[in-house]
Each structure stands twice: as structure tokens, then as C-alpha cells.
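Working through the structure, step by step
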Amino acid sequence: MLWGTTYATATELLPAGSPLWTSAIRTLPVGLLLTLYFGRLPRGQVLGRVLALSLLNIGVFQALLFVAAYRLPGGIAAIFGAFQPILVLALCWIVDRMRPNTAALAAGFAGVAGIAAIVMSPKAQWDWVGIVAAAAGAVCMALGTYLGRKWRLQERALVMTGWQLLFGGILLLVVAIASEPPPSALTERHLFGYAYLTLIGTLLAYWLWFRGTGALPPATTASLTLLSPVTAVLLGWLLLGQRLETIALMGVVVVVASVLSLQLLPSPVPIAGESPDTDSANGVAPKGSH
């Protein structure tokens, strides 16, 4: 839900035309401070995995997120995130041989349908660059969620948050320097927007997210991302005066029902003839073992 506030923040409080600089500003300072506070860096195999997660969860994802946020309305920018639970279920099925139950797949597609009902209005504004960015961002986040749970790195959530924000922020800063002019003539409004985005939309949100990915099955975690576009649309309605039609309200109800269903349904089960252990099964053992 905190991530769902990113779209309104980007369009109302931040300078226009600097998506990569905005991504770097929201991630790198927090990552650097957390890493300095804990006083250590990842090593060996852990380093490689942290770099991969930083790339997926922060570096590439944040760049794509702000390209989509600047080019599309909040709800449309987030619609492709609705596919994350289905993508994670597919990864568990294909890679870990854990077949999702039919009800879970149905709930996942219901979430997609609900998001579509929210944003697919006759006045929807489609920008193909923004659409591709939003879709690719959903794939990155789904893969990062899957791998984060599969690898189960034994580190505190705040340590992992700092590492990923640091390495992802460095990548974003390099790309921003190479491809965009830095934002200039910043006002108090812009500074407030950056402060909110850094402390609440990044530090708090990612800390909670990484805690969740370490405690929940990946499909269950990914389903919660459906609340991001719902939050974006409701904020647009409540704060920005954007119209919310009846079908959109029905979509909100469907999305919430989908999220609740994916929290309560049984976890995927191994395909007959295979017995993956809990870790190789990506943490999708029966719920009593969580």
C-alpha cells in the first residue's frame, strides 16, 4: 500500500522528467546509511545473490517503475503488477515442480480482472513505452520475490534492505548520470516529496517487504502487491479528484477478495513422483510448517 502512494507522489510532489534521478535519490542515500550503520558488506556466495536481488528488486525495477509512473496514470502504471502472483505461481510450478491448486490460480486471475476493471475505462491513457516499462517491472519484482524466498539469506531484514538499496542505488545513479540531466531548481515541495519517498516509500516499505518475503510463501507475498494499484487509484479518487466509476469500485472489491483468498488457500503441492525439500520448494510447504 505504501508503494501505491508512489504514483501520486511522483506526479504531484516531484520535478518532472527525471525518473532515473528520482529512483537513485530514493534508494542510494538510505542504502548507504543503513550499510554504514551495520558496518558490513556481503561476501562470497551471499554477495552474488544480494547483487542479483538488488538488480531485480531495486535497480531495474525502480527505473522501470518511474518510467511508467511519469508516462501513465497511477492505476494503469500498476495494472501489470497484478500478474505478479501468477508469475510467481508459474515459477514455483516450472522450476520447483510445485503445482498450484486451481483455486489459487483462479484467485490470481480474479486479481488481474479486478485491476483491469479499475483502470480499463474509456478515458484510459495508453503510452506504449510506459506499458512496456510497467510489464517488465512486474516481471522483475516477481522474480526478485521468488528468488528472495528461495535463497533465504540469513540476515536481518534491515541489513538486507540496506544492501539491496545500496547496490541498486549505485546502478541507478550510474545510469542516471549517463542518460539524464539532474533535477534543478528544487522547491520545498520537491524536497518534501523526496523526503517522503525516501523515508516512507522506500526505507519503511522495503523493510516491511523484505521481512514479509522471509516469512511467507512467495505467491502469498506477491498477491499483496495487488494492493498497490488499488491504493494508487483510491488516492487519485480521494486526493486528486479523479473520477472512480462503479465498475472500478467493483474491481476494488474483487482485488481485495483475491488477496484474501490467496492468503487463506493451501500452498502448492509437489507434482506426483517428486519430493522437493522445503527450501528447494521455495518455502511453499504446507502452511503448518511456516
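The structure we're discussing is the one just above.
Residues numbered from 1 in each chain as written. Predicted model: local features only at pLDDT ≥ 70, side-chain atom pairs only at ≥ 80, totals over all residues. Heavy atoms only, no water.

1. A look at the overall build of the protein
A tally of helices and strands in the protein yields twelve helices and two strands. Overall, the protein shows an N-to-C arrangement of helices and strands of α-α-α-α-α-β-α-α-α-α-α-α-α-β. Residue burial in the protein is summarised as follows: out of 290 residues, 51% are buried. Sequence-distant contacts, at least 24 apart, represent 89% of the contacts inside the protein between residues at least 6 apart. Accessible surface, the protein as shown: approximately 13300 Å² in total, 70% of it carbon and sulfur. (Helix = DSSP H or I, 4+ residues; strand = E, 2+ residues; numbered from the N terminus. Buried < 20%, exposed > 50% of the residue type's maximum accessible area, 1.4 Å probe, protein only. Contact = heavy atoms within 4.5 Å. Areas by Shrake-Rupley, 256 points an atom, 1.4 Å probe, with all protein chains shown as cover.)

2. Some details on the pattern of salt bridges
In total, this model carries one salt bridge according to the counting rule given. Across the salt bridge formed by E155 and R40, the nearest N and O atoms sit 2.6 Å from each other. Placement of the pair is E155 in the loop between helix 7 (128–151) and helix 8 (157–179) and R40 in the loop between helix 2 (19–38) and helix 3 (44–71), with a sequence separation of 115 residues. Given a relative accessible area of 35%, R40 falls into the partly exposed group. (Salt bridge = Lys/Arg side-chain N within 4 Å of Asp/Glu carboxyl O.)

3. So, the nonpolar core
By size, the foremost hydrophobic cluster in this structure holds 45 residues, and its most contacted members are W3, F61, M160 and Y206. Going through the elements one at a time, helix 1 (6–13), helix 2, helix 3, helix 5 (84–94), helix 7, helix 8 and helix 9 (188–215) are the ones with two or more residues in this core. With ten residues, helix 3 is the largest single contributor of residues to this core. Every residue in contact with F61, bar those within four places of it in the chain, is listed here: L55, L56, G137, C140, M141 and Y206. Judged by nonpolar contacts, the second largest core, of eight residues, contains V233, V252, V255 and V259. (Core = buried A, V, L, I, M, F, W, Y, C linked by side-chain atoms within 4.5 Å.)

4. So, the environment of S261
As for its placement among the helices and strands, S261 is situated in helix 12 (residues 246–264). Overall, S261 belongs to the partly exposed group, its relative accessible area being 30%. Separated by 153 residues in the primary sequence, S261 and G108 place their C-alpha atoms 9.0 Å from one another.

5. Brief notes about helix 11 (residues 227–238)
Its twelve residues place the ends of helix 11 16 Å apart at the C-alpha level, agreeing with the 16 Å of an ideal helix rising 1.5 Å per residue. All buried positions along helix 11 are accounted for by S228, P229, V230, T231, A232, V233, L235 and G236. (Expected span 1.5 Å × (residues − 1).)

6. Topic: the packing of aromatic side chains
The final tally for this structure, using the stated rule, is four aromatic pairs. Seen in terms of ring centroids, Y37 and F38 are 5.1 Å apart; in terms of plane orientation they differ by 85°. Their pairing is edge-to-face. Within the aromatic cluster, the residues linked to one another by ring pairs are W3, Y206, W209 and F210. (Phe/Tyr/Trp six-rings, centres within 6.5 Å; stacked < 30°, edge-to-face > 60°.)

7. Quick notes on unusual backbone geometry
The phi dihedral of A185 is positive, around 50°, even though this residue is not glycine. Note that A185 resides in the loop between helix 8 and helix 9. Judged by relative accessible area, which is 68%, A185 ranks as exposed.

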